[in-house]
Amino acid sequence: MKKPNKIQTVLSVAACKLTRFILRKTGKGGTAVPGIVAMKVAKNILAAVSDGMEIVVVTGTNGKTTSCNMVEHAITNGGKECLLNKSGANLLHGIASDLICNATWTGKPKTHYAVLECDEAALKQLVPFISPKAIVVTNLFSDQVDRYGGVQNTLKEVREGVKCSPRSILVLNAEEPLSASLALDVPNRVVWYGLDASVGVQGNIDLSDAGCCPKCGGAYEYDYHIYAHLGGFRCPKCGYQRQTPDVAVTSIDKVSSSGSTIHLKVNGKTQEVQVALPAVYNIYNAAAAVAAAKAMDLSVQAAIDSLSSVKSSFGRLETFDLKGNRLQMILVKNPAGCNQAFSYITGFDEEFTAVLCLNNRTGDGHDISWINDTDYEKLCSDPHVKKIYVAGDCAEELSQRLKKAGAGDDLQEVVTDYQELLKKLLKETYPIYALPNYTSMMELRQVLNQEAGNKDFWE
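1. Examining the side chain of Glu-175
Tracing the backbone through its elements, the reader meets Glu-175 in the loop between β5 (169–173) and α9 (177–180). You can call Glu-175 buried: its relative accessible area is 0%. Beyond its immediate chain neighbours, meaning those up to four positions away, Glu-175 contacts Gly-194, Leu-195, Tyr-224, His-229, Leu-230, Gly-231, Phe-233, Arg-242, Pro-245 and Tyr-284.

Structure below.
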């Protein structure tokens, strides 16, 4: 894409930096607005401030932020400087703010590498400006149905983005049939990642998001599954099936609240790997990060080694110290992600307190019907859960859903004021797991930061 002239570039960069400075001085964060201002001055400013950079774009329903964090950590751990849009503002103007503020006043990028989290629908808007070297797609699930209208529409949005960037290397989840189908009928090179059959299990699988075979319309059969509709899928009618991963997890040896031990096979070599973040879905994110390093022609071994020291990102398994008690925050926003969070917190032999927060604002999606498809029964029936606090704009609706799942008034309590909630949490003696959606996470996190001293994303 044609770059703006020098005067337009300087004015656009200055407008962006000044706007962000003012907003952050007033405590407002400065995520999307600086980018909006800058792109009004020069609509194609991103072509200038990304010129010459090697960029990884990460999109998909779940795991974007953590996968980005892992890829960025792999790059910086190898001694290279890298931009990461840490705020989670993953629409076009939020990404623009970070890219532009990463440039000098004349528009020259300060770092050679960038790892950018991108909303699924924003991919087609972003990639023509920046020509990413690699596009990572984590997975596709039903999410924000009032915005996307269904997972097939989400797939359509991502496919349009991929078609806008034919030279980008695709990094795709081999077990996820929707995102795997992005490799069909495109010229892009593909690097596959996934979990082998040795990690999977037999039994029933939730195919509500899987769709049908993109080649013949047939129904999938599975040789094994991991969770939701991820697993060893194949179409018995036409033979379309899971691809063999270039980066494969061959075993999960240990999972604890502090991380996982796995065996990973890359380039024919299998080795034991420590992943410093817990849960099966973070094992997928780790495999995606290594595959991204491979696609970027970075040191694969350095990427693998970096997994042992990666830290949690903004609101994703982030830990807060509440006067000696541990609170771990897990962002949840759809049935698949929420169910995996329940599997994680109920998987340890320890008693715990849960905090569930639900808003229905624009950043979350106004339709909260997804809670009806979520397995709250798994949480409410677990003998280790001692108390469930319910908060957020939609606390009453969520409380009713929990009652249907078996949580009576003796187990759950609605607390809509976050300061009051904090007072109650400070009296808890069991480990606490907080599962908010996006805007409720921002509100809860602000209160927790004041108590625990954690930093905001821009600090």
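2. Points about unusual backbone geometry
At Ala-228, a residue that is not glycine, the phi angle is positive and equals roughly 50°. Among the secondary structure elements, Ala-228 is positioned in the loop between β7 (221–227) and β8 (230–234). The backbone phi angle of Ala-279 is positive, close to 85°, even though this residue is not glycine. With respect to the element layout, Ala-279 can be found in the loop between β11 (269–275) and α10 (280–295).

3. Some words on the sheet that holds strand β2 (residues 82–84)
One open sheet holds the nine strands; their spatial order is β2-β3-β1-β4-β5-β6-β9-β10-β11, and the pairing between them is mixed. Because the sheet does not close on itself, it has two edges, and the strands there are β2 and β11. Averaged over all pairs of adjacent strands, the angle between their axes in this sheet comes to 20°, without regard to strand direction. Bridge count for strand β10 (residues 259–266) against β11 is seven bridges, and the pairing is antiparallel. Residue pairing across strands places Ser-260 opposite Val-275, the latter belonging to β11. Strand contacts of helix α4 (residues 64–77): β1 (54–59), β2, β3 (113–117) and β11, with the helix running at about 170° to β3, the strand carrying the most contacts.

4. Considering the packing of aromatic side chains
As enumerated under the stated definition, the model contains seven aromatic pairs in all. Ring centres 5.3 Å apart and planes at 70° place the aromatic pair Tyr-220 and Phe-233 in the edge-to-face group. Of the two residues, Tyr-220 is situated in the loop between β6 (190–195) and β7 and Phe-233 in strand β8; the sequence distance between them amounts to 13 residues. Summarising the burial analysis for this pair, Tyr-220 and Phe-233 share the class buried. Between Phe-233 and Tyr-240, the aromatic rings sit 5.8 Å apart at their centres with planes inclined by 50°, giving tilted as the arrangement. Given the relative accessible area of 7%, Tyr-240 is considered buried. In this structure, Lys-17 packs its charged tip against the face of Trp-105, placed 4.8 Å from the ring centre.

5. Things to note about the pairing of β1
Counting buried residues in β1 gives six out of six residues, a clear majority hidden from the surface. Every second residue of β1 is oriented toward a common face, with Glu-54, Val-56 and Val-58 on one face and Ile-55, Val-57 and Thr-59 on the other, all of them buried. Pairing between β1 and strand β4 (residues 134–137): four bridges, direction parallel. Counted as the bridge partner of Val-58 is Val-136 from β4.

6. Examining helix α1 (residues 6–25)
Between the first and last C-alpha of α1 there are 28 Å, a value that for 20 residues agrees with the 28 Å anticipated at 1.5 Å per step. The complete set of buried residues in α1 reads Thr-9, Ser-12, Val-13, Ala-15, Cys-16, Lys-17, Thr-19, Arg-20 and Leu-23. If you check the start of α1, you find a side-chain oxygen 3.2 Å away from the backbone N of Ile-7, and it comes from Asn-5. A positive phi of about 75° marks Gly-27, the residue just after α1.

So, how was this worked out
The residue count restarts for each chain, going from 1 along the sequence in the order it is written. Confidence filtering applies because this is a predicted model: local features only for residues at pLDDT of at least 70, side-chain atom pairs given and counted only at 80 or more, and all residues used for totals across whole chains, interfaces and linings. In computing side-chain values, all of the structure's heavy atoms are included and hydrogens and water are not. Runs of H or I in DSSP of at least four residues are treated as helices and runs of E of at least two as strands, each being numbered from the N terminus. Only protein chains enter the area calculation, which uses a 1.4 Å probe; residues under 20% of their type maximum are buried, those over 50% are exposed, and those in between are partly exposed. Here a residue-residue contact requires only that any non-hydrogen atoms of the pair lie within 4.5 Å. Should DSSP find at least two bridges between two strands, the strands are taken to pair. Interaxial angle, 0 to 180 degrees, is taken between N-to-C directions of lines fitted to C-alpha atoms, where a helix line uses only the stretch in contact. Geometry of aromatic contacts follows a simple scheme: Phe, Tyr and Trp rings, the Trp one being its six-membered ring, pair when their centres are within 6.5 Å, and the pair is stacked under 30 degrees between planes, edge-to-face over 60, tilted otherwise. Should the NZ of a Lys or the CZ of an Arg lie within 6 Å of a ring centre and within 35 degrees of the ring normal, that charge is described as sitting over the ring. Residue count minus one, scaled by 1.5 Å, sets the expected span of a helix. Polar contact is the term for a pair of N or O atoms within 3.5 Å; when the atoms are in protein, one must be able to donate a hydrogen and the other to accept it, and sequence-neighboring residues count only if both atoms are side-chain atoms.

That's the geometry; what it means functionally is another story.
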